[in-house]
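Tertiary structure, described
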Amino acid sequence: MSSKKPVQNLSALLLLAILASTVSCGTSDTIEDITADVTTTAATETLSELDARKAVDDELPELDFEGRTFTMLTYDQLKADLYAESLNGEVINDAVYERNETVAERFNVNIETNSQTLYTDATAFIQKTVLAGDDSFQLAAHHVVAAGEMLMQDLFMNWYDIPYIDFTKPWWSPSTTEDLTYGDDKAILAVGDLALSSLTGTYCYFYDKTDAETYKLENLYDVVWEGRWTLDYLMNVTKDIYEDLNGNGERDSDDYYGMTQQMKSALNAYLWSCGGKVMQKNSEGIPELVYKSERTNTIIEKLYQLCYESEGVCIQREFPTSMLRVAGDATTVTHYINAFSFMENMTTFTGGTFDLAVIYFRDKETEYGILPYPKLDEEQDEYYTMVDGYHAALAVPKSVQDYEFVGIITEALNAESYKIVFPAYYEVALKTKYTHDDESIKMLDMIVDSRIFDFGYVYDAWKGVSFYFERLIGEQKSKNFESYYASNSAAAIAYYDEVLEYFENME
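Residues numbered from 1 in each chain as written. Predicted model: local features only at pLDDT ≥ 70, side-chain atom pairs only at ≥ 80, totals over all residues. Heavy atoms only, no water.

1. Quick word on the overall build of the chain
Just so we agree on the cut-off: Helix numbering and strand numbering both begin at the N terminus, where a helix is a DSSP run of H or I of at least 4 residues and a strand a DSSP run of E of at least 2. Only protein chains enter the area calculation, which uses a 1.4 Å probe; residues under 20% of their type maximum are buried, those over 50% are exposed, and those in between are partly exposed. Contact criterion: two residues are considered in contact whenever any of their non-hydrogen atoms come within 4.5 Å of each other. Areas reported here follow the Shrake-Rupley algorithm with a probe of radius 1.4 Å; residue values treat only the protein chains shown as occluding.
Helix and strand counts for the chain stand at 22 helices and 14 strands. In the chain, which comprises 507 residues, the proportion classed as buried is 58%. Considering only intrachain contacts with a sequence separation of at least 6, the fraction spanning at least 24 residues in the chain is 78%. Carbon and sulfur atoms form 46% of the exposed surface of the chain, whose accessible area is close to 20400 Å².

Here it is as structure tokens:
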């Protein structure tokens, strides 16, 4: 077990982070004024919420595991969610470090992380070790779609067979039971707060507040709260926003647009934001395919109009990839290129994930606001969002030998993530440091509460229907949903039948 002592008071750490970010904004207030203001307002509100989180009892037994090692398997893009080598003054890093040290000290264990380079490497490692019966890792925090793709290889345990896992606790997403459980006692993948990427990968809209004023847009927060933030509203306010920045008389990727739309994963996200789903539980708790509907067809028609018939929308940006700070495949590069256009003040709106605020928008010269993805229409009651497929889902390999050990440490890590890491990212890094107004903070709360984890997406394996939007609208530049579905759905339906059969036959 590490001899390093955990941070003793996260409340103090959060307060210092708030102070630091406040000072860095160039205010003329004295440090005494700032301290007083933070102490009487943000500290009272944020830290009282933190205290409430800390007060939730994980109800775990106090056992001594005598220095045993608990190893988590992941890949490099997600490694920072699980591992921090030491304290370095960065709020999220230090919160991850404290979480691991807290659990290590409490149960006398070593917390280690085995990080493979790419998610494909992690998949191969899981297959090799589990099939060999090698208990070299006790928990996988793996790319959710890649993990779902491994379902029928029978490598992972049923979460309901692991003792001390309590899905009623707030550190487990309600979707684990509401959407990802088959019946009431079968779940292979779960979403818990240890998977910080299930927060950082959440889809939202960013808008440039300065440009919104220039183009005389109304208060967009009011539009959201009044239920008017829809695809039609978005198209109406962006259709006339365009400037020929390079002066060549042509609309190209170097010009200014009202909206920049990524045509891969960020396009798929509209299915859920507009009230659609891939699968939904029936009265017996069994997921059923509900994707094909008149609503899905309407969403596709609206998105086609947005992407191809609105002069204020750009769907392709071209920048040197050397400008990017995150390496990855074509989808990842497209994701960040569109974000770069927003940072460079070349668009009023863009859709993306929370992590863009941390990776890129801290350097944006103008202030920005955060909104949910738009609804389909005003008749839709709620705003919804989904989390990008790179986020981690948690799974227990069938090669584990001690279920009690795995259950206790996994539950403890998720509980301490809820109490320490999520507040560090959400309350400080995202809310305080990277947003510019109280209304954006309220939006963040609403967006996080509206996340959906769809059984049909999680177990899609790139064989189902979850990626039809990017393939039909993005790649084929078509809105003929009926024809596309008729040509492609047979294989998808057969695949989903195999998934459901696997769960049905689980012992």
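2. A few points about unusual backbone geometry
Despite not being glycine, Glu59 has its phi angle at roughly 55°, a positive value. Here Glu59 falls in the exposed class, since its relative accessible area comes to 55%. Residues other than glycine seldom take positive phi values, yet Ala461 does so here, at roughly 60°. Tracing the backbone through its elements, the reader meets Ala461 in the loop between α20 (455-458) and α21 (468-475).

3. Let's talk about helix α19 (residues 438-449)
Which entries qualify depends on this criterion: In a helix, the anticipated span is given by 1.5 Å times the number of residues less one. Pairing of N or O atoms within 3.5 Å defines a polar contact, subject to two protein rules: one partner must be a possible hydrogen donor and the other a possible acceptor, and residues neighboring in sequence count only if both atoms are side-chain atoms.
Relative to the 16 Å expected for 12 residues at 1.5 Å per residue, α19 spans 17 Å between its end C-alpha atoms, a close match to the ideal helical length. Within the span of α19, buried status applies to Ser440, Met443, Leu444, Met446, Ile447 and Val448. With a side-chain oxygen lying 3.2 Å from the backbone nitrogen of Glu439, the N-terminal cap of α19 falls on Asp437.

4. Looking at a negative patch on the surface
Filter applied, for reference: Within this analysis, patches are made of residues with over 30% relative accessible area and no salt bridge. Like charges are joined at 9 Å or less; nonpolar side chains (Val, Leu, Ile, Met, Phe, Trp, Tyr) at 5 Å or less. Each salt bridge in this description consists of a side-chain nitrogen of Lys or Arg and a carboxyl oxygen of Asp or Glu lying within 4 Å of one another. For the purpose of counting charges, residues Lys and Arg are taken to be positive, whereas Asp and Glu are taken to be negative. His and the chain ends are not included. Charge placement uses NZ in Lys and CZ in Arg. For Asp and Glu, CG and CD serve respectively.
The grouping of Asp497, Glu498, Glu501 and Glu504 at the surface amounts to a negative patch. Inspection of the secondary structure assignment puts Glu501 in helix α22 (residues 481-505). Classification of Glu501 by relative accessible area gives partly exposed; the value is 45%.

5. Quick notes on the pairing of strand β4 (residues 203-208)
Rules: At least two bridges found by DSSP between two strands are what make those strands a pair.
The buried fraction of β4 is high, at 6 of 6 residues. Burial along β4 is two-sided: the face carrying Tyr203, Tyr205 and Tyr207 and the face carrying Cys204, Phe206 and Asp208 are both buried. Note: β4 against strand β10 (residues 347-353), 5 bridges, orientation antiparallel. Counted as the bridge partner of Cys204 is Gly352 from β10.

6. Description of the nonpolar core
To be explicit about the condition: Put simply, a nonpolar core is a bunch of buried Ala, Val, Leu, Ile, Met, Phe, Trp, Tyr and Cys residues held in one set by side-chain atoms that sit within 4.5 Å of each other.
Judged by nonpolar contacts, the single largest core of 86 residues is most densely connected at Trp229, Tyr270, Phe349 and Phe503. Here this core takes 10 residues from α22, the largest share from any one element. Among the nonpolar cores identified, the runner-up in size contains 39 residues, and Tyr75, Val109, Phe405 and Leu413 belong to it.

7. Section: the environment of Glu66
On the secondary structure map, Glu66 appears in the loop between α3 (42-54) and β1 (68-75). Judged by its relative accessible area of 70%, Glu66 is exposed. Each C-alpha atom, one on Glu66 and one on Asn110, is 9.4 Å from the other, the two residues being 44 residues apart in sequence. In this structure Glu66 touches Phe107 and Asn108, once residues within four positions along its chain are discounted.

8. A few points about the pattern of salt bridges
For side chains bearing opposite charge, pairing can occur when the charged atoms are close. Overall, the coordinates contain 18 salt bridges when judged by the stated rule. The closest approach of N and O atoms between Lys277 and Asp179, which form a salt bridge, is 3.2 Å. Taken together, the residues span a long stretch of sequence, with Lys277 in the loop between α14 (270-273) and β7 (279-281) and Asp179 in the loop between α8 (175-178) and α9 (197-200) at a distance of 98 residues. Overall, the relative accessible area of 16% leaves Lys277 in the buried class. For the salt bridge of Glu226 with Arg228, the shortest nitrogen-to-oxygen distance reads 2.8 Å. Residue class for Glu226 comes out exposed when judged on its relative accessible area of 52%. Given the relative accessible area of 22%, Arg228 is considered partly exposed. In the salt-bridge network here, residues are joined through shared partners; they are Asp58, Glu62 and Arg106.

9. Observations regarding the side chain of Thr350
When you line up the elements, Thr350 lands in strand β10. A distance of 3.0 Å separates a polar atom in the side chain of Thr350 from the backbone oxygen of Thr260. The residues contacting Thr350, other than those within four sequence positions of it, are Cys204, Tyr205, Phe206, Met259, Thr260, Asn338 and Phe342.

10. Concerning helix α5 (residues 91-107)
With 17 residues, α5 should cover 24 Å at 1.5 Å per step; its first-to-last C-alpha distance of 25 Å lies within 8% of that length. Here α5 lies mainly inside the structure; 13 of its 17 residues are buried.

11. Details of the packing of aromatic side chains
Note the threshold: Stacked, tilted and edge-to-face are the three classes applied to pairs of Phe, Tyr and Trp rings, where Trp contributes its six-membered ring and a pair requires centres within 6.5 Å; stacked means planes under 30 degrees apart, edge-to-face means over 60, and tilted covers the rest. Cation placement over rings: the criterion is NZ of Lys or CZ of Arg within 6 Å of the ring centroid and within 35° of the ring normal.
Taken as a whole and judged by the stated rule, the model has 42 aromatic pairs. Between Phe206 and Phe342 the ring centres are 6.2 Å apart and the planes differ by 40°, which places this aromatic pair in the tilted class. With Phe206 in strand β4 and Phe342 in helix α16 (residues 330-343), this pair connects stretches of sequence that are 136 residues apart. By the burial criterion, Phe206 is buried, and Phe342 matches it. Geometry around Tyr242 places Arg251 over its ring, the cationic atom sitting 3.9 Å from the centre.

12. Observations concerning the environment of Arg106
Within the element layout of this structure, Arg106 appears in helix α5. Of the residues examined, Arg106 reaches a relative accessible area of 26% and is grouped as partly exposed. Remark: the alpha-carbon pair of Arg106 and Ile409, spanning 303 residues in sequence, is separated by 10.0 Å. In contact with Arg106, other than residues within four places in its own chain, are Asp58, Leu60, Glu62, Leu63 and Glu416. Of the polar contacts made by the side chain of Arg106, one reaches the side chain of Glu62; its length is 2.8 Å.

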